[in-house]
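# Coordinate analysis (summary)
Here is what each chain is made of, one letter per residue.
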Amino acid sequence: DAGVTQSPTHLIKTRGQQVTLRCSPKSGHDTVSWYQQALGQGPQFIFQYYEEEERQRGNFPDRFSGHQFPNYSSELNVNALLLGDSALYLCASSPGGESQEDQPQHFGDGTRLSIL
Amino acid sequence: AQTVTQSQPEMSVQEAETVTLSCTYDTSESDYYLFWYKQPPSRQMILVIRQEAYKQQNATENRFSVNFQKAAKSFSLKISDSQLGDAAMYFCAYRVPWGTGANNLFFGTGTRLTVIP
């Protein structure tokens, strides 16, 4: 049973460019959350997708957008990249809904994004 | 606003000894979940242990146990019989139940644990 998978593993971009990161949730999970982890910091919540809609959003600018597909996989898009966007981007999945309340989030290995 | 504080940036422990990592949090909610995650250099965030706030009994998972003090909003992790493989960053995290709304994880800044052979 595959866990949460993210691609690519590493990515190098320059300022002003756009990037798309991808995440496939663990089998049986329909909720995907994205986190940004700057070097030496704890992860910060970007947004969460459930039933193909953005359910919650953290304190990130509109340059950060996402999408969830019918198979529950998700993309994170970042436009107009800034040097400060350099970070590890983590995807986490979990079953959604109150009936699955006791299920924790499972994390992928992350995508390391470097902005030059 | 929910905040999670880990006041120990770094900790070290001798192999086979016991170490306790501290975490405090701030919330106005009465029902919530607390977690300890481990992040080795491989980057994957691995769940170590979790605690439901409505349960008074402290959670345990093999060599890992917590001391949950709800009134004090304290949630410490005890690692017994420390092993070299325990070396990693440890993050304390909090979230509210799904029906409450924003049930994303709030993380602390982490504690880097070194295990000395």
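Going by the structure above, here's the rest.
Residues numbered from 1 in each chain as written. Chains lettered and ligands numbered in written order. Predicted model: local features only at pLDDT ≥ 70, side-chain atom pairs only at ≥ 80, totals over all residues. Heavy atoms only, no water.

## Some points on the packing of aromatic side chains
Each pair of aromatic rings is reported with the distance of its centres and the angle of its planes. All names here are of chain A. For the record, the criterion: Ring geometry is summarised as follows: Phe, Tyr and Trp rings, the Trp one being its six-membered ring, pair when their centres sit within 6.5 Å, and such pairs are stacked at plane angles under 30 degrees, edge-to-face over 60 and tilted between the two. Secondary structure elements follow DSSP: runs of H or I no shorter than four residues count as helices, runs of E no shorter than two count as strands, and numbering proceeds from the N terminus. The buried label goes to any residue with under 20% of its type's maximum accessible area, the exposed label to any with over 50%, and the partly exposed label to all in between, with areas taken from a 1.4 Å probe on protein chains only.
Applying the stated criterion across every chain yields a total of 16 aromatic pairs over all chains. When the centroid spacing of 5.7 Å and the interplanar angle of 45 degrees are considered together, the rings of tyrosine 35 and phenylalanine 107 count as tilted. A residue pair is termed long-range when its members are at least 10 positions apart, and tyrosine 35 in strand 4 (residues 31–37) and phenylalanine 107 in strand 10 (residues 106–107) qualify at 72 residues. Taken individually, tyrosine 35 and phenylalanine 107 each receive the classification buried, so the pair is uniform in this respect.

## A word on the state of the cysteines
All names here are of chain A. The line we're drawing: Disulfide: a pair of cysteine sulfur atoms within 2.5 Å of each other.
The tally for this structure, following the rule as stated, stands at 2 disulfides over all chains. Note that cysteine 23 is cross-linked by a disulfide to cysteine 91, the S-S spacing being 1.8 Å. Its S-S torsion of approximately -60 degrees makes the covalent link between cysteine 23 and cysteine 91 left-handed. Of the two residues, cysteine 23 sits in strand 3 (residues 19–24) while cysteine 91 sits in strand 9 (residues 87–94), which places them 68 residues apart along the sequence.

## Some points on the nonpolar core
Nonpolar side chains in soluble globular proteins tend to end up buried together. Put simply, the rule is: Remark: nonpolar core denotes a set of buried residues (Ala, Val, Leu, Ile, Met, Phe, Trp, Tyr, Cys) joined through side-chain atoms within 4.5 Å. Contact definition: two residues touch when any of their heavy atoms are within 4.5 Å.
Ranked by internal contacts, the top residues of the largest apolar core, which has 26 residues, are B:Tyr25, B:Trp36, B:Phe75, B:Leu77 and B:Tyr90. Those elements that place two or more of their residues in this core are strand 3 (19–21), strand 5 (33–39), strand 6 (46–52), strand 8 (64–69), strand 9 (74–79), strand 10 (88–95) and strand 12 (111–116) of chain B. Ignoring anything within four residues of it in the chain, the contact list for B:Phe75 reads B:Ser22, B:Cys23, B:Tyr25, B:Leu34, B:Phe35, B:Trp36, B:Gln51, B:Val66, B:Asn67, B:Phe68 and B:Cys92. A:Phe64, A:Val78, A:Cys91 and A:Ile115 belong to the second largest nonpolar core, which has 20 residues in total.

## Section: the interface of chain B and chain A
Operational definition: Here's the idea: put two parts together, see how much 1.4 Å probe accessible area each one loses, and the total over both is what we call buried area. Salt bridges are defined as contacts in which a side-chain nitrogen from Lys or Arg sits within 4 Å of a carboxyl oxygen from Asp or Glu. Pairs of N or O atoms are called polar contacts if they sit within 3.5 Å, as long as, within protein, a hydrogen donor faces a hydrogen acceptor (for residues adjacent in sequence, only side-chain-to-side-chain pairs). Under the grouping applied here, Gly and all other residues not named as nonpolar or charged are polar, the nonpolar ones being Ala, Val, Leu, Ile, Met, Phe, Trp, Tyr, Cys and Pro and the charged ones Asp, Glu, Lys and Arg.
Facing 22 residues of chain B, the contacting portion of chain A comprises 30 residues. Buried area between chain B and chain A, summed over both chains or domains, comes out near 2100 Å², and the portion from carbon and sulfur atoms is 49%. Viewed at the interface, chain A and chain B are joined by 0 salt bridges. Linking chain B with chain A are 9 residue pairs in polar contact (both at pLDDT 80 or more), by the criterion used here. At the level of secondary structure, the elements contributing two or more residues to the side of chain B that touches chain A comprise strand 5, strand 6 and strand 10 of chain B. Looking at the side of chain B that touches chain A, the element that brings in the most residues is strand 5 of chain B, giving 4 residues. Per-class residue counts for the side of chain B that touches chain A are 11 nonpolar, 8 polar and 3 charged.

## With respect to the side chain of A:Gln36
With respect to the helices and strands, A:Gln36 occurs in strand 4. Other than its neighbours up to four places away in sequence, A:Gln36 contacts A:Gly42, A:Pro43, A:Gln44, A:Ile46, A:Phe60, A:Phe64, A:Gly84, A:Asp85, A:Ala87, A:Leu88 and A:Tyr89.

## Considerations on the environment of A:Ser86
Residue and element names in this part refer to chain A. Along the polypeptide, serine 86 turns up in the loop between strand 8 (74–78) and strand 9. The class for serine 86 is partly exposed, based on a relative accessible area of 28%. Residues within four places of serine 86 in sequence aside, it is in contact with Leu113, Ser114 and Ile115. Within the local environment of serine 86, its side chain forms a polar contact with the backbone oxygen of leucine 83, the two atoms lying 3.1 Å apart.

## A few points about the sheet that holds strand 1 (residues 5–7) of chain A
Residue and element names in this part refer to chain A. Convention followed: A pair of strands counts as paired when DSSP detects no fewer than two bridges linking them. With axes taken as lines fitted to C-alpha atoms, and helix axes fitted only over the stretch in contact, angles between N-to-C directions fall between 0 and 180 degrees.
Spatially, 1-3-8-7 is the arrangement adopted by the 4 strands of the open sheet, whose pairing is antiparallel. Of all strands in the sheet, those bounded by a partner on one side alone are strand 1 and strand 7 (64–68). Adjacent strand axes in the sheet meet at a mean angle of 20 degrees, parallel and antiparallel pairs treated alike. Where strand 1 meets strand 3, 3 bridges bridge the pair, whose relative direction is antiparallel. Counted as the bridge partner of threonine 5 is serine 24 from strand 3.

## As for the pattern of salt bridges
Side chains bearing opposite charge may pair, as long as their charged atoms lie close to each other. Using the criterion set out here, one finds 5 salt bridges over all chains in the structure. Note that A:Arg22 and A:Glu75 form a salt bridge whose closest N and O atoms lie 3.4 Å from each other. Residue A:Arg22 is located in strand 3, and its partner A:Glu75 is located in strand 8; the two are separated by 53 residues in the primary sequence. Residue classification places A:Glu75 among the buried residues on the basis of a relative accessible area of 17%. Across the salt bridge formed by B:Lys73 and B:Asp26, the nearest N and O atoms sit 3.6 Å from each other. Of the two residues, B:Lys73 sits in the loop between strand 8 and strand 9 while B:Asp26 sits in strand 4 (residues 24–26), which places them 47 residues apart along the sequence.

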